[in-house]
Each structure stands twice: as structure tokens, then as C-alpha cells.
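Results of the structural survey
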Amino acid sequence: MEEKGAENGVAAMAACYQGFDPAAYLQNNYTPPLADFERKDSLVPWILACLHRAFTEGDVSGELLVDIGSGPTLHQVMSGCEVFNKVLLTDFLEVNRQELRCWLQDEGGCSLDWTPFLQHVCKLEGRQYDQIPRNSVIMDIVPIDVHRPQPLALDALPSAGADCLVSCFCLESASPDLAAFTRALGHIGRLLRPGGHLLLIGTLGMNYYLGGPGLKIPTIPVNEAQVCASLKESGYTLIRLEVYTVPQDMKLFDDASGVFFVKAMKE
Ligand code: SAM
């Protein structure tokens, strides 16, 4: 009975996502004020700074980085592309995977220009803007479902697993309740080698966000203590949790009070 309820919740979330509109999502969340490189308190520069720091501390290394629930966005792997030789992007929806292919294969007519994001990351790294080498480490863009015990196709990863996972705004946006969020953390952990790192970014206290015009996607309003407990229960050791408080004028397309950045390690 309980299992049936969990399945129904996951199916209801999947149904919500059928109306997801990548162009509207990018326009809402990846333009000013949420992505404003001139503003010190803007969200996306904060995320890029957290990722830059996490990837350059020296403990995150290896061959393969996997991004969980990439959506139509690339900012979350830009720093990682400098550290890893192979990067795998994943998403639940074909429309999002198509948006990523559009940019990476230089098809033209993409919904967003990622150049200013790359330029900002290059600046953080103290190097010249260099788009081409980063794109070339992205090996594929594949389907994923974090609610399956085996989220990726069996042949998507080498048997040793990934050396690092990044996931940005996916788990709390794709889960019907906290139990499903925690289970999803466990499922993606199976893709990671023991000792590998998880860099997890998510919203705090968010009940919904706009996934397209008029499409309110319900989400899990997690708090910091719940995130820490879910990580522990799913076999991760927390290294660091940082919190960003959403300024009032940035509460436009969701009701999040904050954003967390977690660096953790699989036990
Ligand atoms: N990572 C992007 C970002 O940082 O903006 C997109 C985040 S968007 C809020 C949530 C993403 O979760 C969407 O791309 C959606 O397709 C994906 N998603 C929804 N259900 C999922 C599932 N069951 N498994 C994996 N990803 C899922």
C-alpha cells in the first residue's frame, strides 16, 4: 500500500514535467536578476563561486564527472570541465537534452547564450575565455530517472562508477516528498565510487517553481537539517554546507527562501 502511494507520487511528478518549457525556465532563472554578473548578491554567481571553490580545493579528482538532472543548463559543470577528462550530462526530459545538444553542437537558435557564464568562470579561474576545450570533454547527454534504483542505463557508466557527481536544483524539484528525496540521494549514490564526491545544490523552503508559463511544479520545501539527515541516511559524509539567502527582489518565479550548497563524500 505504502509502495503504491510512493509510485503514485513519483508518477504525478513525472506528469507535471511533461509541460516543462526549457526556454521559459532559462529566461526566468538564468537572466538578471538571478544571473547578474554585475551584482554581488546574485544567485548564479554565488553557485559558480561555490563550485569553483569545491573543484579547486584539491580533494575532488578523477576521470569522470556526472551531472544529475542537468535540465537545459550548463553552468553547473563549467568548473568541473577543467578538472575532469570526461563529463556526462543527464536529464529526465528529451526537450532539455535537446536544448543542451543545441548549444554543445553549435546548432544555432538556442534559448540561451552561455558565453557570459563561461567568461565569468574563466575569470574566477584567472584564465582566458576558452569555450572549446570545455565542450570537448562532454562525452554524452543521456536519459536519467533518479526515482529508479538504477537511474541510468546499465552501460552508461564504467563499472567502477563516477568519481564525482554534481546535481543542481534536481532532487527537491523532482521528488513528491522527503522520503522520495532521500531515496533519490541513495539511488544516485550508487553511480558514485566509494570516496567519490557529491556536489549538491538545492533550494530551501521552496513549495513550487514555474516550469513554464502557468506551470507551477510542486517541490519539497526542505530545510538544512533535513538535507543533512537525508545525506547521512543515504551513505554520504558531509564536508561542508553553505547557505545563500534569496534577496526579496529575486523571489520571482518560485517561493524559495534560500539555496544550499553541499560538498559531501560517499562512504
Ligand atoms: N539542473 C538544472 C538547473 O540547475 O537549473 C535544472 C533544474 S530543474 C529545476 C529540475 C530538473 O529535474 C529538470 O531538468 C527535470 O527534467 C529534472 N527531473 C524531473 N524529474 C526527474 C527525474 N525523475 N529524474 C531526474 N531528473 C528529473
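Now for a quick tour of the structure. (Residues numbered from 1 in each chain as written. Predicted model: local features only at pLDDT ≥ 70, side-chain atom pairs only at ≥ 80, totals over all residues. Heavy atoms only, no water.)

Below, the discussion takes up the overall build of the protein. Looking only at helices and strands, one finds 10 helices and nine strands in the protein. The globule rule puts the C-alpha radius of gyration for 267 residues at 18 Å, and the 17 Å found for the protein is close to it. Judged by the C-alpha coordinates and their principal axes, the protein covers about 55 × 45 × 35 Å. Considering the protein as a whole, with its 267 residues, one finds that 57% of them fall into the buried category. Of the roughly 11,600 Å² that the protein leaves accessible, carbon and sulfur atoms contribute 53%. Mean positive and mean negative side-chain charge positions of the protein (20 and 33 charges, respectively) differ by 4 Å. (Helix = DSSP H or I, 4+ residues; strand = E, 2+ residues; numbered from the N terminus. Rg over C-alpha atoms; globule rule 2.2 N^0.38 Å. Buried < 20%, exposed > 50% of the residue type's maximum accessible area, 1.4 Å probe, protein only. Areas by Shrake-Rupley, 256 points an atom, 1.4 Å probe, with all protein chains shown as cover. Lys, Arg positive; Asp, Glu negative; His and termini not counted. Charge placed at Lys NZ, Arg CZ, Asp CG, Glu CD.)

Turning our attention to the site of the ligand. Near the ligand lie 22 residues; those nearest to it are Tyr 25, Tyr 30, Gly 69, Asp 91 and Cys 168. Cys 168 places a main-chain nitrogen or oxygen 2.8 Å from a nitrogen atom of the ligand. With the chains in place, 98% of the 580 Å² that the ligand exposes on its own is no longer accessible. (Near = heavy atom within 4 Å. Polar contact = N/O pair within 3.5 Å; in protein donor to acceptor, adjacent residues only side chain to side chain.)

Structurally, the position occupied by Leu 51 is in helix α3 (residues 43–56). Given a relative accessible area of 1%, Leu 51 falls into the buried group. Separated by 130 residues in the primary sequence, Leu 51 and Phe 181 place their C-alpha atoms 22 Å from one another.

Right, let's get into the state of the cysteines. Taken as a whole and judged by the stated rule, the model has one disulfide. Cys 102 shares a disulfide with Cys 110; S-S distance 2.4 Å. On the sign convention where negative means left-handed, the S-S torsion of about -100 degrees between Cys 102 and Cys 110 marks this disulfide as left-handed. Looking at Cys 122, it has no disulfide partner, and the nearest cysteine sulfur is the one in Cys 81, 11 Å off. You can see Cys 170 has no disulfide; the closest cysteine sulfur is in Cys 168, sitting 9.5 Å from it. (Disulfide = S-S within 2.5 Å.)

In a pair of packed helices, the angle between the axes and the distance between the axes together describe the arrangement. Contact geometry of helix α9 (residues 178–189) with helix α10 (residues 224–233) gives a least axis separation of 8 Å together with a crossing angle of 45 degrees. On the basis of their axis angle, the class for α9 and α10 is oblique. The two elements α9 and α10 cross, and the hand of that crossing is right-handed. Seen from α9, the contacting residues are Leu 178, Phe 181, Thr 182 and Leu 185; seen from α10, they are Gln 226, Ser 230, Leu 231 and Glu 233. Classifying every residue of the contact of α9 with α10 gives four nonpolar, three polar and one charged. (Axes fitted to C-alpha atoms, helices over the stretch in contact; angles between N-to-C directions. Parallel < 35°, antiparallel > 145°, perpendicular 65-115°, else oblique. Left-handed = near helix turned anticlockwise from the far one by under 90°. Contact = heavy atoms within 4.5 Å. Nonpolar A, V, L, I, M, F, W, Y, C, P; charged D, E, K, R; others polar.)

All right, on to the sheet that holds strand β2 (residues 86–91) then. Pairing is mixed across the open sheet formed by seven strands, whose spatial order is β3-β2-β1-β4-β5-β9-β8. Of all strands in the sheet, those bounded by a partner on one side alone are β3 (138–143) and β8 (236–245). Across the sheet, the mean angle from the axis of one strand to that of its neighbour is 15 degrees, orientation sign disregarded. The pairing of strand β5 (residues 192–204) with strand β9 (residues 258–266) spans eight bridges and is classified as antiparallel. Of the residues in β9, the one forming a bridge with Leu 198 is Ala 264. Together, β2 and β3 form the strand contacts of helix α5 (residues 94–104), whose direction differs from that of β3 by roughly 160 degrees. Most of the contacts of α10 go to β8, to which it runs at about 160 degrees, and overall it touches β5, β8 and β9. (Pairing = 2+ DSSP bridges.)

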